[in-house]
Every structure is written in C-alpha cells, then in structure tokens.
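Notes for the structure review
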Amino acid sequence: MTSDGARRRRRDSPPPDFTPRTGPWLSTARRRNLTGWGFLLPAALLITLFSFVPMIQAFVLALQTGRGARLGWAEPLWMNFERLLHDEIFKLTMFNTVFYLVIQVPIMLILAMVLANLLNDPKLRFKAAWRTMIFLPCAVSLVSYSLVFRTMFATDGLVNDALMGIGLMQEPLNWLGEPWTARFVIIIGLLWRWTGYNMIFFLAALQNIDPSSLEAARIDGAGSFKTFWYVTMPQLRPMIVLTGILSINGTLQLFDESWALTKGGPAYTSMSMSHYLYELAFLKNPNVGYASAISYVILILVAVLAFIQMRAGDRRD
Amino acid sequence: MMMRAPRRRTSWRRAPRYAFLSVFALFSVFPLYFMLVSATNSTQDVLASRLTPGGHLLDNAAALVAQQDIGAAMTSSSVIAIGTTVLALAVCAVAGYGFEIYHSRGKDIVMAIIMLAMMIPFAAVMIPLFRLFARVGMVNSLGAVIIPAISTPLLILLFRQSSRSFPHEIIEAARIDGLGELSIFARIYVPTMKSTFAAAAVITFMTSWNNFLWPRVILLDNAVQTMPMLIANLTAGYVTDYGVLMLAVLLTSLPTILVFFILQRAFAQGITGAIK
C-alpha cells in the first residue's frame, strides 16, 4: 500500500481533532473534504497524464504527416483520414474486427447468461466444480491460449486428426491458411477465453436479485421461461449493458489473437485493426500520423457503440 | 448442497442441463489439458495427436533453456506484475474509498470523467505514450510498463462500489477515538475489505502478467522481454517445436492459474460485493 512514511506524515500534519460537535464544525468538514480530494488526486493525475493527454496528442498526430522524427501538418489537415477511405487493407481489417464483434459478442453473452442461470439453480449439484471449470480459461493469457489454439488447429494438428478420425473430413483442412476458417478459429478462441468471464458477472447479478420477486411471479403462475423473461431479465439489464460495453471495447481492440494465433493472415484476411495500427506505427517504415488516424477510428467506434448501449440500457428501465 | 439428492420425479428433466454443462466444461478444460500433456511430449507426438503424458518434459525443458533466457523473462514478468499490483491497489483503493466516504457533488463529475477514461481504447493512446516514454529515456524500462497501468477506472469503480457496504458509523467512531483519516483507511478499511482487495489483486496481477501489446511496443531489447513476448517469439522461426512451445506456454500460464485457484472464491465474492 502507501509507504509508511507518507502515511505517518499525513497523520501527523493535521493534529487529531477532538473538537466536540458543538464546536466550529465547518472547518473540520472543510478539512475532511480536502482530505477526500487528496485521496483522489494520485489516481486522477495518473489517468489524466496517461489517458486524456495522450488521447489529445493522438488527435494532433492524426493531423500530421511525415516519417520518423520529421513530422509536419498534413495538407489538407484531414489527409490521413481521407487516405483511410482508399486503404483496402484498412477496410479489410475493419471488416474483420466488426465481423468478430457482430458474430462473437452476442453468442458469447447469450451463452454466458444461459450458463449463469444453470449455475444459479439451487438444486444444481457440484456447483463450485462447474463454475471453476468454465471460469478457468480466464486464468490463461491471450497469447498463451492463442498459441495453444494455433497448435491444435495446425494442418497436421489435433483438430484435423480428430475430425478425420470420426469421418467428418477426408482431407486435412488448412484452418489458419484460409480466410474464413482463420476467422472462425479466432471466434472459437474468443468464445473459449471470455464466456466464463462474462458468466461470472451474470452470476453475481443473479445472486443479487431479490428472491421474493421470483416467488411472486411463481405465485402468479408464471412458468420458468416467463419468470426469466419478465422478472429476471429486466433486473439483469444493467449487467448486460456493462458486459456488452466491456466486450465491444475488448473486441475492437483485439490484438493478441490476431498477432499470435493467425499472424493476421492469410494476407491480412484475419488481421484486426489494432494489429494493422501496430504494424504501421512500429514496424518497418513507421508512419505515426497515419497510424494515429486509425487509432481515432477505433476510439470513435468504441465511443459510439458504448453510447448506443448506454442509451438502450436507460430507455428500457 | 451436494448432499441433497434431487427429487426422483424431476431428475430426468434435469439431464439436459447436466449434459449442456458437461459439454461446455469439457470445451473449457480441454485446451488446457492439451497444453499440459503436450508439454511432456515431443513435437512428433504432439503432431500425432497424442493425448497422454509422455517422457519428453526434460528434453523440452533443456531445449527451451538453450533457446531462450527463461530466467530473465520470468524476472521481467514478475517485477511488472507484482509492481503493478501493489501500486495499483494502493492508488485505486485510496481513490475508491475517497469517492465513497467523502461524498460531495464535485466528486461525481470527477468520477464521470474517470469512467469516461474507461472508454478510451489503449490503441488510441499507445503512440503518444511511446513518444512520451522515449523522450524521457524509458524505452526498455520495466517502469514504462508499470506506470500507465497503476490507475485504472475499473479498479477505482470496484473499490468505490464495495465501499458502499462499509459501515460509516465505524468511521465516525474511529474519528471520535482520535484516529487520523489515513489511519482509518489503513487500519480499519483495509482489513475489513479483504475480499475486495483479493479480487482487485487477482484482476491486476493477471492483466499485467498477461499484458502483451504495450510491453511488445516499449520493451525492444530481448533482455527485458516478458513471458508472453518470449512465447510469441518461439513461433517466429520456420519450424515450430510444438513440445517446447507448449512447455513455455505452460510456464507462462502457471503463475496466473495458481493465483486463480488461491483467490477464486475471494474474486467471486469481491465481484458480488461490488455490484450490490
């Protein structure tokens, strides 16, 4: 925690306050208020310095052009953004990222909700064991699991052997060498890694639902599906919005899987926007202005989708 | 719970639930089993889809040590993960507590701004951050990995929400007893909120141990590379030695899996406490 020295200094500087409540109360209140602000200060400063300031700098960079250290204002200023419109690789990486988002996030959230409901059943046996097994993938890093999946989906790997073994396939499939199968493997990987994570959030939300509201629905004669749809679901809405925002935010920033699982290939067909941004900014012939323009597209996508989600979550309440 | 047998009449109706759970649990655990087993097999065995433990663990270990400086990578990863966790818990717990205990209107605005920071994707700040750390000569420095990760909106939110259940009367009582504001935090709040701290520690340790993109950007020298960077490098050549790769992946995953098992109950409790 905070160093002992800092703590002692803090405690010593304002003398302990023994003023009874009838005394000059305002000054104590004001001092406490200041203490409260002091508690927030380190966190607020760090977030300003490492999130907000660079966010503004990235925008300035996106209006600049030039290689290496020689940067100057672009002519016209929005040149980088205009270039994005004609960049086929950028369009492809954007398509890939949005594709992962649209396919994977809904499937994952529905699966997570179904699993959470099953695990919340008081009559279910071995609850802790199920939860541990389904949550376990979250303990593994994105790069680690990507490499495990890369090994399993290799042309001479386990998945092909298993599928040929049970007669579903005649020839081994080059999963990571074909655009659509490579994207499919990334989606399977994302489902594997994140479903249990979202399940824990839903499970926590379910445990906070007042059992009497479910009891009331049962007395009114609602079946288990109707109870879920009309009583449980509305109470889960804030959690659906939160997990939705976190998942969308995460998918739009997808990098590790693209880097380690498919290496973005074949020929950019599974590469994510962040991966392309990294290549432009830090590999070969860095172009930070153009890469910053891409970073702003990601930022705007995250902001717009989060805003829509929050509005949708509010209106239905 | 486990002692109670389901009523006979309903037991068959519940079979599909158990089947669904079993299939999903198998899907969750199998890749990890594959990783564990493959670490003990030769590349030929891995490609022959052998699913039983083999005798090549030591060969794989020897090959791994010969190819890569595992010790240095483990050290870098440990320094980053432990350093980030300790500092992040200190800064974010104090901030979350400050938001909830010393309430005023102005703080709600600050909180909203901090939540806004949660929406900023790291990709959008990465290039300026690299330029900042390059300017102050911190390329290849582990500090450059730790510092931007200390203050995270999610942790502040977690501590703020959990502080709601912390009884304010205790604070008043402690003030009457003459304890200073920071002592109240350190001596009363911290011991009471153990499960929140455990949850926060698990999240932070795992995220920082597993972090890949930012270390990849700022740590250019292989002498300071982290474990995720090391395993990613193992597939860079023309031929991948799968047995060695799976052993390295296993070594990279062991610390976070251990932390997970030690603290998983506290983690679930901490999340539950946070959203009450």
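Residues numbered from 1 in each chain as written. Chains lettered and ligands numbered in written order. Predicted model: local features only at pLDDT ≥ 70, side-chain atom pairs only at ≥ 80, totals over all residues. Heavy atoms only, no water.

1. Side note on the overall build of chain B
Scanning chain B from terminus to terminus reveals 15 helices and zero strands. By the compact-globule yardstick of 19 Å for 276 residues, chain B is too spread out, its C-alpha radius of gyration being 23 Å. Its C-alpha atoms give chain B principal-axis dimensions of about 70 × 70 × 35 Å. Across chain B, the fraction of contacts at a sequence separation of at least 24, relative to all contacts at a separation of at least 6, is 73%. Within the structure as shown, chain B displays about 12,200 Å² of accessible surface, and the carbon and sulfur contribution to it stands at 66%. Each charge class in chain B was averaged separately, 20 positive and 11 negative side chains, and the resulting centres sit 16 Å apart. (Helix = DSSP H or I, 4+ residues; strand = E, 2+ residues; numbered from the N terminus. Rg over C-alpha atoms; globule rule 2.2 N^0.38 Å. Contact = heavy atoms within 4.5 Å. Areas by Shrake-Rupley, 256 points an atom, 1.4 Å probe, with all protein chains shown as cover. Lys, Arg positive; Asp, Glu negative; His and termini not counted. Charge placed at Lys NZ, Arg CZ, Asp CG, Glu CD.)

2. So, the overall build of chain A
Counting its regular elements, chain A contains 13 helices and two strands. Across the 317 residues of chain A, 49% fall into the buried class. A separation of at least 24 residues holds for 66% of the contacts in chain A among residues at least 6 apart in sequence. Of the roughly 15,300 Å² of accessible surface on chain A, a fraction of 66% belongs to carbon and sulfur atoms. (Buried < 20%, exposed > 50% of the residue type's maximum accessible area, 1.4 Å probe, protein only.)

3. Quick word on helix H7 (residues 122-135) of chain B
All names here are of chain B. Counted at 1.5 Å a residue, the expected span for H7 with its 14 residues is 20 Å, and the 19 Å between its end C-alpha atoms agrees. Approximately 30 degrees is the largest bend angle found in H7, and it occurs at Pro 128. Looking at H7, one finds that the buried residues are Ala 123, Ala 124, Val 125, Met 126, Ile 127, Pro 128, Leu 129, Phe 130 and Phe 133. (Expected span 1.5 Å × (residues − 1). Bend = angle between axes of the 7 residues up to and from the residue.)

4. Comments concerning the nonpolar core
A general feature of soluble globular proteins is that nonpolar side chains tend to end up buried together. Counting 180 residues, the largest nonpolar core has B:Tyr97, B:Ile156, B:Tyr189 and B:Trp214 as the members making the most contacts within it. Residue contacts for B:Trp214: discarding those within four places in its chain leaves B:Phe122, B:Met126, B:Leu129, B:Phe130, B:Phe133, B:Ala144, B:Val145 and B:Pro148. (Core = buried A, V, L, I, M, F, W, Y, C linked by side-chain atoms within 4.5 Å.)

5. Some points on the environment of B:Met206
For B:Met206, the position within the fold is in helix H12 (residues 194-210). The sequence separation of B:Met206 and B:Thr256 amounts to 50 residues, and the corresponding C-alpha distance is 5.8 Å. Setting aside chain neighbours within four positions, we find B:Met206 in contact with A:Cys138, A:Ala139, B:Thr256 and B:Phe260.

6. Considering the packing of aromatic side chains
Tallied over the entire structure, the rule returns 40 aromatic pairs over all chains. Here the aromatic rings of A:Phe50 and B:Phe133 are separated by 5.9 Å at their centres, their planes lie at 0 degrees, and the arrangement is stacked. Of this pair, A:Phe50 sits in helix H2 (residues 25-62) while B:Phe133 is found in helix H7, placing the two residues in two different chains. Taken as a pair, A:Phe50 and B:Phe133 share a single burial class, namely buried. On the basis of an interplanar angle of 10 degrees and a centroid distance of 6.1 Å, the ring pair of A:Phe225 and A:Trp229 is categorised as stacked. Residue A:Phe225 and its partner A:Trp229 are both found in helix H10 (residues 224-252); the two are separated by four residues, about one turn of the helix. Residue class for A:Trp229 comes out partly exposed when judged on its relative accessible area of 44%. For the cation-ring pair, A:Arg183 lies above A:Trp180, with the distance from its terminal atom to the ring centre recorded as 4.3 Å. (Phe/Tyr/Trp six-rings, centres within 6.5 Å; stacked < 30°, edge-to-face > 60°. Lys NZ or Arg CZ within 6 Å of the ring centre and 35° of its normal.)

7. What about the interface of chain B and chain A?
In this complex, chain B contributes 104 residues to the contact, which on the side of chain A involves 95 residues. Where chain B packs against chain A, one counts one salt bridge. A salt bridge links A:Asp121 to B:Arg17; the nearest nitrogen and oxygen atoms lie 2.9 Å apart. Run the count over chain B and chain A and you get 11 residue pairs in polar contact (both at pLDDT 80 or more). Looking at side-chain class alone, the side of chain B that touches chain A contains 75 nonpolar, 17 polar and 12 charged residues. (Salt bridge = Lys/Arg side-chain N within 4 Å of Asp/Glu carboxyl O. Polar contact = N/O pair within 3.5 Å; in protein donor to acceptor, adjacent residues only side chain to side chain. Nonpolar A, V, L, I, M, F, W, Y, C, P; charged D, E, K, R; others polar.)

8. Focus: the side chain of A:Thr93
Here A:Thr93 lies in helix H4 (residues 88-119). Ignoring anything within four residues of it in the chain, the contact list for A:Thr93 reads A:Met271, A:Ser272, A:Met273 and A:Tyr276.

9. Quick look at the pattern of salt bridges
Tallied over the full model, the rule gives nine salt bridges over all chains. We note a salt bridge from A:Glu88 to A:Lys91, for which the minimum N-O separation is 3.5 Å. Highlighted residues: A:Glu88 and A:Lys91, both in helix H4, separated by three residues, approximately one helical turn. Taking the relative accessible area as the measure of exposure, A:Lys91 reaches 40% and is therefore partly exposed. Two residues, B:Asp45 and B:Arg50, come together in a salt bridge whose shortest N-O distance is 3.9 Å. When salt bridges with common partners are traced through the structure, they connect B:Glu100, B:Asp108, B:Arg160 and B:Arg164 into a single cluster.

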